[in-house]
There are 2 protein chains.
Amino acid sequence: MAVTLYELQGADDRRFSPYCWRIRMALAHKGIVPETVPVRFTEKDKIAFSGQPRVPVVVDNGKTIVDSWDIAGHLEDTYPDRPTLFPGGRASARFFQEWANANLGPNISPLIILDIWKHLDPEDQVYFRESRETRLGRPLEEVSAGREERRQSLYDALAPVRGALEESPFLAGDQPAYVDYIVFGGFQWARCVSDFPLLDPGDPVHAWRRRMLESHDGLAGRAVGYPC
Amino acid sequence: MAVTLYELQGADDRRFSPYCWRIRMALAHKGIVPETVPVRFTEKDKIAFSGQPRVPVVVDNGKTIVDSWDIAGHLEDTYPDRPTLFPGGRASARFFQEWANANLGPNISPLIILDIWKHLDPEDQVYFRESRETRLGRPLEEVSAGREERRQSLYDALAPVRGALEESPFLAGDQPAYVDYIVFGGFQWARCVSDFPLLDPGDPVHAWRRRMLESHDGLAGRAVGYPC
């Protein structure tokens, strides 16, 4: 079994893409240790063979798969005898994914966007600032301003996660699964590049993040990033 | 097995509470046909024995349970040999519930609030208008104004549901379960009192609602309400 994962890389080998982390964790869940190929924002040529410009890209025994959702589905279909990524079904996991993409990412992004920029190599900094400022219509410094006050919005958005954690230690139940990796990707994204405290230590989501960092032999906790 | 369900009643015997519908469907899922006791807004004395003022209240062989989430859990614990309400686990279902309470209810409520009022008996109308206008700080007519334009907000909020329905016919998979009942409750709430079209016929959520209305021998579809 030879699996290669192309994943986003910042300065100091920070692997910070939330979508790549969903897949890093999903691979570990399936007991797969991939060869990883770092791809910086300005190194899109490395994944040109995939026919599109985004990571993660997985090559599994010669087969190329793009898009984190499709990669997760591929892993489940290809390795069905290993622990399932979807103990609650794929529809439920898709629900979590669409929720996270619409509610979690947009609430974390303004809190860490300047820190992302700070942790990129110089040529990537130029690309990142220009593309994001065009998209957002204002300087990264303005997007990032007042972030202390905006933590409340993230806290509020996490209400469904907090509810789920009243029922069990992980969103998927007694053990983590893909729904956990979906949500965790957002927090690991932040941790890799930012020391801004997204969560209060008393928040049940904080304790869950700790469990996630320790899961799969501490895979995520060992990655280059800030303590949290 | 004798189960009694106390549920909210409007004019013309419309049983419109979204939380009561979660439980009506959950009972059907477990193969239980309850005796139902209608409770109007101004008949809280009927459930005073439960020690709190909200429906649904279930009395199951002498045991009183309140709060829809606790009732669903009770049914699962008490009738474990019948089809499970939580095939994806309780944590996942809690996630759906907190999402629905924060995103679905608040987006449907302003679209139908005046229709709710119109479908109450006179003494309940007085109670409903007074309590809601106090809570919302303005007349029901104002809350309801411009609802055509506000359907987009409901459409956007349903993105996670739409994603899940790309994977399977129900949110729980091939068959409906409690996560479906949670979300469906909001639509049945509307259907019982309002002919305002919440969903476009081409929306996958529209087709899912149809399947829900037909499930359990058409239980929800037979209830007094408007076609949709």
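Refer to the structure above for everything that follows.
Residues numbered from 1 in each chain as written. Chains lettered and ligands numbered in written order. Predicted model: local features only at pLDDT ≥ 70, side-chain atom pairs only at ≥ 80, totals over all residues. Heavy atoms only, no water.

Attention shifts here to helix H3 (residues 90–118) of chain A. Residues that lie three or four places apart on an α-helix share one face, since the helix turns once every 3.6 residues. Compared with an ideal rise of 1.5 Å per residue, which puts 29 residues at 42 Å, H3(A) spans 37 Å between its outermost C-alpha atoms and falls more than 12% short. At Ile112(A), H3(A) shows its maximal kink, close to 55°. (Helix = DSSP H or I, 4+ residues; strand = E, 2+ residues; numbered from the N terminus. Expected span 1.5 Å × (residues − 1). Bend = angle between axes of the 7 residues up to and from the residue.)

Okay, the sheet that holds strand S1 (residues 3–8) of chain B next. Strand pairing in a sheet takes place through backbone hydrogen bonds and is either antiparallel or parallel in direction. Residues and elements named next belong to chain B. Read across the sheet, four strands follow the order S2-S1-S3-S4 without closing on themselves; strand pairing throughout is mixed. Of all the strands in the sheet, just strand S2 (35–39) and strand S4 (63–66) have a single pairing partner and so form its edges. When strand polarity is set aside, the average angle formed by the axes of neighbouring strands in this sheet is 20°. In this sheet, S4 lies alongside strand S3 (residues 57–60) in antiparallel orientation, the contact comprising four bridges. Its bridge partner being in S4, Asp60 is matched across the sheet by Lys63. Sheet strands touched by helix H1 (residues 18–29): S1, S2 and S3. Its angle to S1, the strand with the most contacts, is close to 155°. (Pairing = 2+ DSSP bridges. Axes fitted to C-alpha atoms, helices over the stretch in contact; angles between N-to-C directions. Contact = heavy atoms within 4.5 Å.)

Our next topic: the interface of chain B and chain A. In this assembly, 21 residues from chain B lie in contact with 21 residues from chain A. Buried surface at the junction of chain B and chain A, both sides included, amounts to about 1800 Å², of which 67% is carbon and sulfur. Taken together, the connections running from chain B to chain A amount to four salt bridges. Among the salt bridges present, the one from Glu167(B) reaches Arg94(A), with a minimum N-O distance of 2.7 Å. Counting the contacts that link chain B with chain A gives seven residue pairs in polar contact (both at pLDDT 80 or more). (Buried area = accessible area lost by both parts, 1.4 Å probe. Salt bridge = Lys/Arg side-chain N within 4 Å of Asp/Glu carboxyl O. Polar contact = N/O pair within 3.5 Å; in protein donor to acceptor, adjacent residues only side chain to side chain.)

The next thing to look at is the nonpolar core. Residues Tyr178(A), Leu198(A), Trp208(A), Tyr178(B) and Trp208(B) are the most contacted members of the largest nonpolar core, which totals 147 residues. What Trp208(A) contacts, discounting residues up to four positions off in sequence, is Leu165(A), Pro169(A), Phe170(A), Leu171(A), Asp180(A), Val183(A), Phe184(A) and Phe187(A). (Core = buried A, V, L, I, M, F, W, Y, C linked by side-chain atoms within 4.5 Å. Buried < 20%, exposed > 50% of the residue type's maximum accessible area, 1.4 Å probe, protein only.)

A separate point is the environment of Ala157(B). Residue and element names in this part refer to chain B. Positionally, Ala157 belongs in helix H6 (residues 147–157). Taking relative accessible area as the criterion, Ala157 reaches 14% and is therefore assigned buried. Sequence separation between Ala157 and Val3 is 154 residues, and the spatial gap between their C-alpha atoms is 35 Å. Setting aside its immediate chain neighbours within four residues, Ala157 contacts Trp99, Asn103 and Asn107.

Screw-axis analysis of chain B against chain A gives a translation of 0.0 Å along the axis, an RMSD of 0.0 Å, and a rotation angle of 180°. Interpreted geometrically, this transformation is the action of a two-fold axis. Residue Gly88(B), judged by its C-alpha, is the member of chain B lying nearest the rotation axis, at 1.7 Å. A shared interface surface links the copies, since 100% of the contact residues of chain B are contact residues in chain A too. (Least-squares fit on C-alpha atoms with pLDDT ≥ 70 in both.)

Another point: the sheet that holds strand S3 (residues 57–60) of chain A. Residue and element names in this part refer to chain A. Ordered by their spatial adjacency, four strands build an open sheet running S2-S1-S3-S4, and the pairing between neighbours is mixed. The sheet is open, and its two edges are formed by strand S2 (35–39) and strand S4 (63–66), each paired on a single side. Geometrically, the sheet is characterised by an average inter-axis angle of 20° between neighbouring strands, direction not taken into account. Where strand S1 (residues 3–8) meets S2, five bridges bridge the pair, whose relative direction is parallel. Its bridge partner lying in S2, Thr4 is registered against Glu35. Of the strands in this sheet, S1, S2 and S3 touch helix H1 (residues 18–29), which is tilted by about 155° from S1.

On to the pairing of S3(A), then. All names here are of chain A. Side chains Val57 and Val59 of S3 all project onto a buried face; the interleaved residues Val58 and Asp60 project onto the opposite face, where all are buried too. Taken together, the four bridges between S1 and S3 define a ladder with antiparallel strand orientation. Within S3, the residue paired with Leu5 across the bridge is Val58. Connecting S3 to the next strand, S4, in antiparallel fashion are two residues, including Asn61 with a positive phi near 45°.

Below, the discussion takes up H6(B). Residue and element names in this part refer to chain B. Residues of H6 that are buried: Arg151, Leu154 and Ala157. Down the axis of H6, the buried set is contained in an arc of 115°. They therefore lie on one face. Buried positions along H6 lie against helix H3 (90–118) and helix H7 (159–165). (Arc of directions from axis to C-beta.)

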